[in-house]
Amino acid sequence: MKKVLILLGPPGAGKGTVGKRLSEDWKIPLISSGDILRENVKRKTPLGKKAKEYMDKGELVPDSIVTELIKERIKEDDCKDGFILDGYPRNKRQAEILDQILKNNTDILVVNLIADDDFLVKRLANRRVCEKCGAIYHLINIPPKKPGICDICGGKLIQREDDKEEVIRNRLEVYREKTSPLLEYYSKKGILKEVRGDQELNNTVSQIERLW
Ligand code: AMP
């Protein structure tokens, strides 16, 4: 049966970092709606230009844009045995659309990564990403070998525009208002589990792996 893991949780809870590890262990792709959008912004596609206005403010990009991108991505061949979603769905409408897309022979697990706001703000402020390959670093906990340079591809490490403090606060509010209602949505379906995202990475990863 096809395995689909949905990673929920506020920005900075570790969805991208944890998702990458699980993707390597389970050999299924990690699909990050944020990464796909940022790639479109970088390439200045029509869709990317539209999305950028919302992303810079920490607001959600319209459902139609993101849904189209995700639908296309999960049609690809590497998703046939399953995939991990990071950042999608982000509101109830998207969750309903996803339910329609996923066929019956799919085993869905939703993991809510939790952490306190103060912790999230600190983690996001210290986050740096490779502008070339998207790899995620943390200045203190996961520093690159050479400052400012990606260990994997040698690309330049930058701070995401939306990881600046004012935008972080707005993203947390948007999360609380639009995304957190999904917890109830999935809890009612009986497929929601909670794991702490503010512990050592290996612990978070192994706790999720034990759930499946
Ligand atoms: P992320 O990398 O998941 O933190 O996403 C960065 C930004 O991309 C968000 O603040 C939103 O502006 C946009 N975004 C990512 N995923 C979605 C989604 N599923 N729906 C709407 N906007 C999204």
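Figured I'd write up the structure that's included with this text. (Residues numbered from 1 in each chain as written. Predicted model: local features only at pLDDT ≥ 70, side-chain atom pairs only at ≥ 80, totals over all residues. Heavy atoms only, no water.)

Formed by 27 residues in total, the largest nonpolar core has its most connected members in Ile6, Ile31, Leu37, Phe83 and Tyr186. Mapped by element, the contributors of at least two residues to this core are strand 1 (2-8), helix 2 (33-42), helix 3 (46-57), helix 4 (63-74), strand 3 (82-86), helix 5 (92-101), strand 4 (106-114) and helix 8 (181-189). Residue contributions to this core peak at 5 residues, all from helix 4. Contacts of Ile31, omitting those with residues within four sequence positions, involve Ile36, Ile70, Arg73, Ile74, Cys79, Phe83, Ile84, Leu85 and Asp86. Core analysis: the next-biggest nonpolar cluster, separate from the first, contains 20 residues, Val18, Ile28, Ile84 and Val121 among them. (Core = buried A, V, L, I, M, F, W, Y, C linked by side-chain atoms within 4.5 Å. Buried < 20%, exposed > 50% of the residue type's maximum accessible area, 1.4 Å probe, protein only. Helix = DSSP H or I, 4+ residues; strand = E, 2+ residues; numbered from the N terminus. Contact = heavy atoms within 4.5 Å.)

What follows concerns the side chain of Thr179. Position of Thr179 among the secondary structure elements: in helix 7 (residues 165-179). Accessibility expressed as a relative area gives 5% for Thr179, which makes it buried.

A separate point is the site of the ligand. As a structural note, the neighbourhood of the ligand is formed by 16 residues, with Ser33, Arg38, Glu59, Gly87 and Gln94 the closest of them. At 3.0 Å, a backbone N or O of Val61 approaches a nitrogen atom of the ligand. Measuring from a nitrogen atom of the ligand, one finds a side-chain N or O atom of Gln94 at 2.9 Å. In the complex, 96% of the free accessible area of the ligand, which totals 480 Å², lies under the protein chains. Here the shell around the ligand takes 4 residues from helix 2, the largest share from any one element. (Near = heavy atom within 4 Å. Polar contact = N/O pair within 3.5 Å; in protein donor to acceptor, adjacent residues only side chain to side chain. Areas by Shrake-Rupley, 256 points an atom, 1.4 Å probe, with all protein chains shown as cover.)

As summarised here, the arrangement of the 3 strands in space is 6-5-7, forming an open sheet in which the pairing is antiparallel. With one partner strand each, in any of the chains shown, strand 6 (136-138) and strand 7 (157-158) form the two edges of the open sheet. The sheet contact formed by strand 5 (residues 127-130) and strand 7 spans 2 bridges and is antiparallel. By the bridge assignment, Val129 is partnered in strand 7 with Ile158. (Pairing = 2+ DSSP bridges.)

Moving on, we get to the packing of aromatic side chains. According to the stated counting rule, one finds 2 aromatic pairs in the structure shown. Pairing Trp26 with Trp212 gives two aromatic rings, centres 5.3 Å apart and planes at 80 degrees, and the pair type is edge-to-face. Of this pair, Trp26 sits in helix 1 (residues 15-26) while Trp212 sits in the segment after helix 9 (201-211); the two residues are 186 residues apart in sequence, bridging distant segments of the chain. Owing to a relative accessible area of 18%, Trp26 belongs among the buried residues under this scheme. Its guanidinium or amino end placed over the ring of Trp26, Lys3 lies 4.5 Å from that ring's centre, counting from NZ or CZ. A cation over a ring is seen here: Lys3 above Trp212, with NZ or CZ 4.9 Å from the ring centre. (Phe/Tyr/Trp six-rings, centres within 6.5 Å; stacked < 30°, edge-to-face > 60°. Lys NZ or Arg CZ within 6 Å of the ring centre and 35° of its normal.)

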